[in-house]
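A closer look at the structure
Read off the chains here:
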Amino acid sequence: MNFFHKIPLAVFRLLYPGKFYGKENIPQGKVVIIANHFHAVDCGFIARVYNKDIYFLAKKELFENKFFGKIIKSFGAIPVDRKNPDMQSMLACMRILKDEHKLVVFPEGTRNKTGTTELQPIMGGAMIFAVKAKSPIVPIIINNKPRIFRKTFVMIGKPFELDEFYGKKLTEETISELEVVVTAKMKELQQELFETIKKRKEKSKNKTK
């Protein structure tokens, strides 16, 4: 990360304070990082966790503004058509993992606009990269929609692999199985984060008594 990247991240830290758990869980080398998605600034929290050799899949609409497109591209964003992913984008993602970098994917497919913290349906197609590249996966859960000057809690889970799917033909049925496995992992981590936040609040409340 160069000097010009550090400046916006420093501003981001002031605007969006965060508390992070499990930073030690992101391994060296290639990894697919999956996270739930509330807001465009979610990427900033993930960049604070691991800001080296990290690339993001981003919807192609974000690149329609040339100026903004150049900025997010400089941070490692890769444009993708969510409805019809093209071969060029897929090959770019595979190349990132082959070169031992980090690829961030939001497997819900779009931002959570429900006003709740409930995980949206996980799209198994996002996991194809991890299976094809035989890459570890690290789940990340953000507790709620980030708001300026409000602390956001982020939990990084332990890496896991979908090795039972390595070498399998990725049919619709197989992808559905992927969705079940990944959804369970993310829900488990989300529950762990909520329990951690609850304990933190109880501890703080006891101190003020």
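I will try to describe carefully the structure that is included in this document. (Residues numbered from 1 in each chain as written. Predicted model: local features only at pLDDT ≥ 70, side-chain atom pairs only at ≥ 80, totals over all residues. Heavy atoms only, no water.)

Re the side chain of N143
Examined against the element boundaries, N143 turns out to sit in the loop between β6 (137–142) and β7 (152–156). We classify N143 as buried; its relative accessible area is 14%. At a separation of 2.9 Å, a polar atom in the side chain of N143 contacts the main-chain amide nitrogen of F153. With residues up to four places along the chain from it excluded, the contact list for N143 reads F38, T117, T152, F153, L193, F194 and I197. (Helix = DSSP H or I, 4+ residues; strand = E, 2+ residues; numbered from the N terminus. Buried < 20%, exposed > 50% of the residue type's maximum accessible area, 1.4 Å probe, protein only. Polar contact = N/O pair within 3.5 Å; in protein donor to acceptor, adjacent residues only side chain to side chain. Contact = heavy atoms within 4.5 Å.)

Remarks on the environment of F129
The topology assignment puts F129 in helix α5 (residues 128–132). Counting along the chain gives 32 residues from F129 to L97, while the straight-line C-alpha distance between them is 8.3 Å.

Focus on the pattern of salt bridges
Under the criterion given, the structure shown has 1 salt bridge. Notably, a salt bridge pairs K168 with E177, separated by 3.9 Å at the nearest N-O pair. The exposure class assigned to K168 is partly exposed, which follows from its relative accessible area of 43%. On the basis of relative accessibility, which here comes to 32%, the residue E177 falls in the partly exposed class. (Salt bridge = Lys/Arg side-chain N within 4 Å of Asp/Glu carboxyl O.)

Concerning a nonpolar patch on the surface
The grouping of V11, L15, I148 and F149 at the surface amounts to a nonpolar patch, some 370 Å² of accessible area in total. Structurally, F149 can be placed in the loop between β6 and β7. On the accessibility criterion, F149 (62% relative accessible area) is exposed. (Patch = residues over 30% accessible without salt bridge, like charges linked within 9 Å, V, L, I, M, F, W, Y side chains within 5 Å. Areas by Shrake-Rupley, 256 points an atom, 1.4 Å probe, with all protein chains shown as cover.)

Comments concerning the sheet that holds strand β1 (residues 18–21)
Picture the strands of a sheet paired through backbone hydrogen bonds; they go either parallel or antiparallel. The strand order β1-β7-β6-β2-β5-β3-β4 describes an open sheet built from 7 strands, whose pairing is mixed. Single-partner strands in this sheet number two, and they are β1 and β4 (77–80). Direction aside, neighbouring strands of the sheet carry axes that sit 25° apart on average. Its contacts with the sheet put helix α4 (residues 87–98) on β2 (31–35), β3 (54–59), β4 and β5 (102–105), and the angle it makes with β4 is roughly 150°. (Pairing = 2+ DSSP bridges. Axes fitted to C-alpha atoms, helices over the stretch in contact; angles between N-to-C directions.)

What to know about the environment of E108
Looking at where E108 falls in the secondary structure, it is placed in the loop between β5 and α5. When its relative accessible area of 6% is taken as the criterion, E108 is described as buried. Spatially, the C-alpha atom of E108 lies 10.0 Å from that of F38, the residues being 70 residues apart in sequence. With residues up to four places along the chain from it excluded, the contact list for E108 reads A35, N36, H37, E118, L119, Q120, P121, I122 and M123. One polar contact links the side chain of E108 to the main-chain amide nitrogen of H37, over a distance of 2.7 Å.

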